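Listed here are the chains, written in short residue letters.
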Protein chains: 2
Amino acid sequence: MNMHEPVTRASVAARDTSDPLGRFRDLFHLPDGLIYLDGNSLGPLPRRTVERMNRILEHEWGRMLIKGWTACEWIDAPARVGSKIARLIGAHADEVICADSTSVNVFKTLSAALALNPDRTVILSTPDNFPTDLYIAQGLIQQLGGRHELRMVDAADIEHHLDESVAVLTLTHVNYKTGRMYDMAHLTRRAHACGALTMWDLAHSAGAVPVDLNGTGVDFAVGCGYKYLNGGPGAPAFLYVARIWQDRFSQPLSGWMGHAAPFAFAPIYEPVPGVGRYLCGTPPILSMSALECGVDILLEADIQHIREKSLALTDLFIQLVETRCAGHGLDLATPREHAVRGSQVSFHHPAGYAIMQALIAADVIGDFRAPDIVRFGFAPLYTRYVDVWDAVERLAQIFETRAWERPEYAQRNKVT
Amino acid sequence: MNMHEPVTRASVAARDTSDPLGRFRDLFHLPDGLIYLDGNSLGPLPRRTVERMNRILEHEWGRMLIKGWTACEWIDAPARVGSKIARLIGAHADEVICADSTSVNVFKTLSAALALNPDRTVILSTPDNFPTDLYIAQGLIQQLGGRHELRMVDAADIEHHLDESVAVLTLTHVNYKTGRMYDMAHLTRRAHACGALTMWDLAHSAGAVPVDLNGTGVDFAVGCGYKYLNGGPGAPAFLYVARIWQDRFSQPLSGWMGHAAPFAFAPIYEPVPGVGRYLCGTPPILSMSALECGVDILLEADIQHIREKSLALTDLFIQLVETRCAGHGLDLATPREHAVRGSQVSFHHPAGYAIMQALIAADVIGDFRAPDIVRFGFAPLYTRYVDVWDAVERLAQIFETRAWERPEYAQRNKVT
C-alpha cells in the first residue's frame, strides 16, 4: 500500500484479495457480521475441531473405551502436541510438552529455576507482568519458606536490576495490556551474563509472532493454548525446558505421568529422562485434542506471513483510528515501532469500559483491561483488512453519536 | 436370589428385569457384544455428552466466543460441577471444586495439611496407595526441604503408627488393586484423636460407594472424574476442603482463578474466601463440560441402589468365578465382607497378564495390575447381571481351552 494514496474500503479490500493467508479464514467458525478482535483472549472455533471432537467421542472414547489410551494414542498427546507447538516457538521437539494450565506450568518452571540457581534468592519481574505469573511466584516463595523474594521493577529498569542476586528473570514476551514486546534475545543474554536464568511466558506470542527459544538461549518457557493457538476455552497450556536443564532437576508436581515407568505402579517416584518429567496427572484428552486441531492449522501457515500481516493489520488499525477518531481522547498504548509490537493494539481512554461495551453492542469484539485500556487483538489467520476498516468505522460512529454514554454501558464488574 | 436355587443365565437375566437402575444403561454408548468391566479405569461415553459437546462447540464457543465465559457460565463451571460432585460424597456444596488433575489436587491438599499441622513432620500412608499420591507426597517433601517424611506402613499397621508425629494420614478409600475399602469414619476418628489431619483419595469411591465426608469429619479429599463419574479420558478432577480449614491456609498453586478479584489484574495475590482459593489456572471447559454430563447422570440415581447392585454384582461374580473356574489358580484378592469391599473384584493369578489379554480378545474388558492382579470393575449404572454371567462363561472357556497360553498374549509392557 502506498501511504500517499488515500485509504478507502476498496483499497483495503484489495489487500485481502492478494493476502497469502486469505484461505485460512474459512477454516474457522465465525458468526456472520461479527468482527472478532479478541483472539488474544479466546481464539475462535476451527471447523475441523468439530469433526475431531465428534470422532474422539463416538469413534475413540465411545468405541475403544480404555483401549483408546494406546490404540488412539491419547497417551502420546502431551508429547505429540508439545512437539508441534515446539515448531511454532523455535524449540526442539523434545523440549516442549502440553500439560496443565499456564499457571501450573509457571509453578513447575519457576521451581526448577530456583532450584537450579540455589545461591540466589530473587525472582525478577515487572508489576505489569500477567498477574497469575506473579501470583504463582508469590505462592512458591511462601511455600519455600520465605527465603526468596519476588522483585517487581518497571520494564525500563530490568537491566539495572539484573545482578548477582537474581536467580531467574521472568517476563511475558508480549505484554497483555499494551502489546509491547520485549527483546527476548537481548534480555536473555543480559540475564545469562549476570548468572540468572530466564523463564518467558509466551501466552501472547506463540502463534502470533516469531519466537526462537533455541536461538535466543531461553532456559524455560510456558504458554497458553486458548489464545492464538485456537485451542478452545481453557485449553491445556504448554511448557518448554531447554535440553541442558531437563535432567538436572525433578519438579515438585511429580505425578505419575512424569514417572519413568508410570504403569509399573512402583511406590517411589523416579522421573523419566527429558521434558516428560514435567508432566503431572492424567491429561484432559478432549481439551487437548481440540488444541491439537488449532495448532495443526498454524503449522500450515508461514509464520513470516503471519508476522507481516499482523504488522500490516495493526499499522492500518492505528492509522485509521488516529484519522477517523481523532479528538476523542484515545491515547495509543501500543508501540508504533514494529520491533517491539506484538499482535494487538491498545488505547488508553478514561471511558474505556463504556466504549468497549458500545463496540461489543455494535458487533466489534475487543476487550477492556482495567483501569483504562481498550484492547484489540489481530489474529492474521482469520482477521481481514476490511475487518479493520469496518471496526474503525463502527468505533468512529460510537464517538460521533456518543453512543458510549448510554447508561447501559456504564462500568460494572466484567469477567473477560 | 435364593442362594439354594441353582443360578442359571435365565435366573440372572430375571434380576436385570427388576433392576431399579435398569433404565440407566441406555444412557451410555456401549459397543454391541462388549462386556465392559473397566469403568473403574475409564467410564463409558454418556450419550448426552455427545449432544452437550456439539452444543458447546457450535452454539457456545463457535457463536458466543469470549462472551461464553459469562453468557454460557463457563466461569462458574469449577464451582458448579464441584457442588454437584459434593452431593455424591456427603459434602456441602461450598466444600468441593472441580479443577486440575487428581495429582495436582493431592499437591494442594497435602500442602495445606502440612501447613495446618506445622509441628508435625510425617505424612502417613501405605506402600500400596495409588502411586501418584505417593509420588506427589515425595515431590512436596523434597520441595519443603526434607524436613518431612513420607512414612509408608502396611494397612494393618496404620493405627499403630498414628502418633504425635503424624501431620496427615492420606489413604485411597478403595484400593485400586484389591478393591478393599477402608473404614473412613473409624480411621478419621483415630487420626483426629492423635492430632493428625486426613486426606482421602476418592478415585475409586465417588459414584461407586456411599461416601459421607461431612459425617465422618474428613479434612481434605481429592478424586477422579474419569472413572465412575464417566467424565471422559483425563477428565478434570475434584477437591474437597472442609469448611473449617478453607480460610486458614492459602495453597501454593496460587493462580489467578483462586484470586479474590481475578479480573482486577492486581499484582499481589489475595485468595478468595472459601474453597475457590484451591483453583489455580483457567479450567479446561470442554473436558469439564463432558464431566458434568457424567455427574448429572449419577445424580439421577439413588446411591443406595448403586451400592446394593454393586454388592450383588460383585457377589455374583465371585460366586460364579469360584464355581465355573475352580482349580485354575485364581485367588480372590478382594474382601468377601461387604463392609470393606468397593465396586470391583480382583484375583491374583501368576498368568494374570495373559489371561486378561485373552479375555480382552474375547470382548470382556477388565485390566491387569502388576505383578499378578486381574481386575474387574462393576459400575451398576450400565453393568447388567447377564454381563457378569457372560463374562464368567468367557473366562471359564479361556481356562478350559487354555487360550491364554497363546504366544500373542504373552507379557509385554502395557499402558492401561
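How each quantity is defined
Residues numbered from 1 in each chain as written. Chains lettered and ligands numbered in written order. Predicted model: local features only at pLDDT ≥ 70, side-chain atom pairs only at ≥ 80, totals over all residues. Helix = DSSP H or I, 4+ residues; strand = E, 2+ residues; numbered from the N terminus. Rg over C-alpha atoms; globule rule 2.2 N^0.38 Å. Buried ≥ 20, exposed ≤ 12 C-beta atoms within 10 Å, placed from the backbone. Least-squares fit on C-alpha atoms with pLDDT ≥ 70 in both. Contact = placed C-beta atoms within 7 Å. Nonpolar A, V, L, I, M, F, W, Y, C, P; charged D, E, K, R; others polar. Core = buried A, V, L, I, M, F, W, Y, C linked by C-beta atoms within 7 Å. Pairing = 2+ DSSP bridges. Axes fitted to C-alpha atoms, helices over the stretch in contact; angles between N-to-C directions. Expected span 1.5 Å × (residues − 1). Left-handed = near helix turned anticlockwise from the far one by under 90°. Parallel < 35°, antiparallel > 145°, perpendicular 65-115°, else oblique. Domains from an automatic or database assignment. pLDDT = per-residue confidence, 0-100.

Q: What exactly am I supposed to notice about the overall build of chain A here?
A: The helix and strand inventory of chain A stands at 14 helices and 15 strands. Relative to the globule expectation of 22 Å for 416 residues, the C-alpha radius of gyration of chain A, 22 Å, shows essentially globular dimensions. Its C-alpha atoms put chain A at 70 × 55 × 40 Å along the principal axes. Across the 416 residues that make up chain A, the buried fraction comes to 56%.

Q: Just to check I follow, could you spell out unusual backbone geometry for this structure?
A: That bond from A:Ala370 to A:Pro371 is cis: its omega, 0 degrees, falls within 30 degrees of zero. Looking at where A:Pro371 falls in the secondary structure, it is placed in the loop between β14 (367-369) and β15 (373-377). For A:Arg402, which is not glycine, the phi dihedral falls at a positive 55 degrees. Here A:Arg402 shows up in the segment after α14 (385-400). Its 10 C-beta neighbours within 10 Å are what place A:Arg402 among the exposed residues. Unusually for a residue other than glycine, B:Asp100 sits at a positive phi of about 50 degrees. Residue placement: B:Asp100 occurs in the loop between β4 (96-98) and α5 (102-116).

Q: It is not clear to me how the relation of the copies chain B and chain A should be interpreted in this structure. Could you clarify?
A: For these two chains of identical sequence, chain B goes onto chain A by a turn of 180 degrees and a shift of 0.0 Å along the axis, with RMSD 0.0 Å. Both copies are brought into coincidence by an operation consistent with a two-fold rotation axis. Using C-alpha coordinates, one finds that chain B approaches the rotation axis most closely at B:Ser287, a distance of 2.8 Å.

Q: It is not clear to me how the interface of chain B and chain A should be interpreted in this structure. Could you clarify?
A: Accessible area lost upon the coming together of the parts serves often as the stated size of an interface. Contacts between the two partners involve 75 residues from chain B, matched on the other side by 75 residues from chain A. Mapped onto the side of chain B that touches chain A, the elements with two or more residues apiece are α2 (47-64), α3 (68-71), α5, α6 (131-143), α11 (285-300) and β14 (367-369) of chain B. Of the residues contributing to the side of chain B that touches chain A, the split by class is 44 nonpolar, 24 polar and seven charged.

Q: Would you explain the nonpolar core in this entry?
A: If you look at soluble globular proteins, the nonpolar side chains tend to sit buried side by side. In this structure, A:Leu110, A:Val168, B:Leu110 and B:Val168 are the most contacted members of the largest nonpolar core, which totals 268 residues. In this structure, A:Val168 is in contact with A:Leu110, A:Ala113, A:Leu114, A:Asn117, A:Ile123, A:Ala196, A:Leu197, A:Thr198 and A:Met199, ignoring residues within four places of it in sequence.

Q: Help me understand the sheet that holds strand β12 (residues 344-348) of chain B in this model?
A: Paired through their backbone hydrogen bonds, the strands of a sheet run either parallel or antiparallel. Residue and element names in this part refer to chain B. Across the sheet, which stays open at both edges, the four strands sit in the order β11-β12-β15-β14 with antiparallel pairing between neighbours. The open sheet has two edge strands with one neighbour each: β11 (331-332) and β14. Taken together, the three bridges between β14 and strand β15 (residues 373-377) define a ladder with antiparallel strand orientation. Among the inter-strand pairings, Arg369 is bridged to a residue of β15, identified as Ile373.

Q: Looking at this structure, I do not really get the sheet that holds strand β5 (residues 122-125) of chain A. What am I missing?
A: All names here are of chain A. Across the sheet, which stays open at both edges, the seven strands sit in the order β4-β10-β9-β8-β7-β5-β6 with mixed pairing between neighbours. Each edge of the open sheet carries a strand with a single partner, namely β4 (96-98) and β6 (149-152). For this sheet, the mean inter-axis angle between neighbouring strands, taken without regard to orientation, is 20 degrees. Summarising the sheet, β4 and strand β10 (residues 238-241) pair through three bridges and their orientation is antiparallel. Opposite Ile97, over in β10, you have Leu239 as the bridge partner. Contacts between helix α8 (residues 184-193) and the sheet are confined to β7 (166-172) and β8 (197-201), with β8 contributing the most and set at about 150 degrees to the helix.

Q: When you look at α6(B) in this model, what are you seeing that I'm missing?
A: Residues spaced three or four apart along an α-helix point in a common direction, a consequence of the helix completing one turn every 3.6 residues. Residues and elements named next belong to chain B. With 13 residues, α6 extends 18 Å between its outermost C-alpha atoms, agreeing within 8% with the 18 Å of an ideal straight helix rising 1.5 Å per residue. Counting buried residues along α6, eleven of its 13 residues qualify, which places the element largely inside the surrounding structure. All of the buried residues along α6 are Pro131, Thr132, Asp133, Leu134, Tyr135, Ile136, Ala137, Gln138, Gly139, Leu140 and Gln143. Two residues or fewer past α6, Gly145 is found with a positive phi of approximately 100 degrees.

Q: How should the packing of helix α11 (residues 285-299) of chain A against α11(B) be read in this particular structure?
A: When two helices pack together, their arrangement is captured by the angle between the axes and the distance separating the axes. Across the interface, α11(A) lies against α11(B) with an axial gap of 7 Å and an inter-helix angle of 145 degrees. Note that α11(A) runs across α11(B); the crossing there is right-handed. Facing A:Leu286, A:Ser287 and A:Ala290 of α11(A), the residues of α11(B) in contact are B:Leu286, B:Ser287 and B:Ala290. Here the residues of the contact of α11(A) with α11(B) are counted per class, giving four nonpolar, two polar and no charged.

Q: Honestly, the packing of helix α4 (residues 77-88) of chain A against α11(A) in this entry has me stumped. Any pointers?
A: All names here are of chain A. The N-to-C vectors of α4 and α11 enclose an angle of 25 degrees; their axes lie 10 Å apart at closest approach. On the basis of the axis angle, α4 is roughly parallel to α11. Between α4 and α11 lies a crossing whose hand is left-handed. For the pair α4 and α11, contact is made by Ala77, Val81, Lys84, Ile85, Arg87 and Leu88 and by Ile285, Met288, Leu291, Glu292, Val295, Leu298 and Leu299, respectively. Residues belonging to the contact of α4 with α11 are distributed by class as follows: ten nonpolar, no polar and three charged.

Q: Got a minute to help me understand the domain arrangement of chain A in this structure?
A: Residue and element names in this part refer to chain A. When its domains are assigned, chain A resolves into domain 1 (9-45 + 302-409) and domain 2 (73-299). The gap between the C-alpha centroids of domain 1 and domain 2 is 29 Å. In this complex, domain 1 contributes 26 residues to the contact, which on the side of domain 2 involves 19 residues. For the side of domain 1 that touches domain 2, the secondary-structure elements that each account for two or more residues are α12 (303-324), β12 (344-348) and β15. Among the residues forming the side of domain 1 that touches domain 2, the class breakdown is twelve nonpolar, ten polar and four charged.

Q: Please explain the environment of A:Gly146 as it appears in this structure.
A: Residues and elements named next belong to chain A. Structurally, Gly146 is set in the loop between α6 (131-143) and β6. For Gly146, a count of 8 C-beta atoms within 10 Å puts it in the exposed group. Through-space distance from the C-alpha of Gly146 to that of Lys84 is 38 Å; in sequence the pair is 62 residues apart.

Q: Could you clarify how one ought to interpret α11(B) in this entry?
A: When the terminal C-alpha atoms of α11(B) are compared, their 23 Å separation across 16 residues agrees well with the 22 Å that a helix rising 1.5 Å per residue should span. When you tally the buried positions in α11(B), you get 13 out of 16 residues, the bulk of the element.

Q: Explanation requested: the environment of A:Glu308 in the structure shown.
A: Residues and elements named next belong to chain A. Among the structural elements, Glu308 can be located in helix α12. Judged by C-beta crowding, with 15 C-beta atoms within 10 Å, Glu308 ranks as partly exposed. Separated by 99 residues in the primary sequence, Glu308 and Val209 have C-alpha atoms spaced 9.4 Å apart.

Q: Can you help me understand the confidence of the model for chain A in this one?
A: For any part of a model where pLDDT is low, the fine detail of the predicted coordinates should not be relied upon. Averaged over every residue, the pLDDT of chain A is 96; the share at 70 or more is 98%. For this predicted complex, the interface confidence score (ipTM) comes to 0.96, while the overall pTM stands at 0.97.

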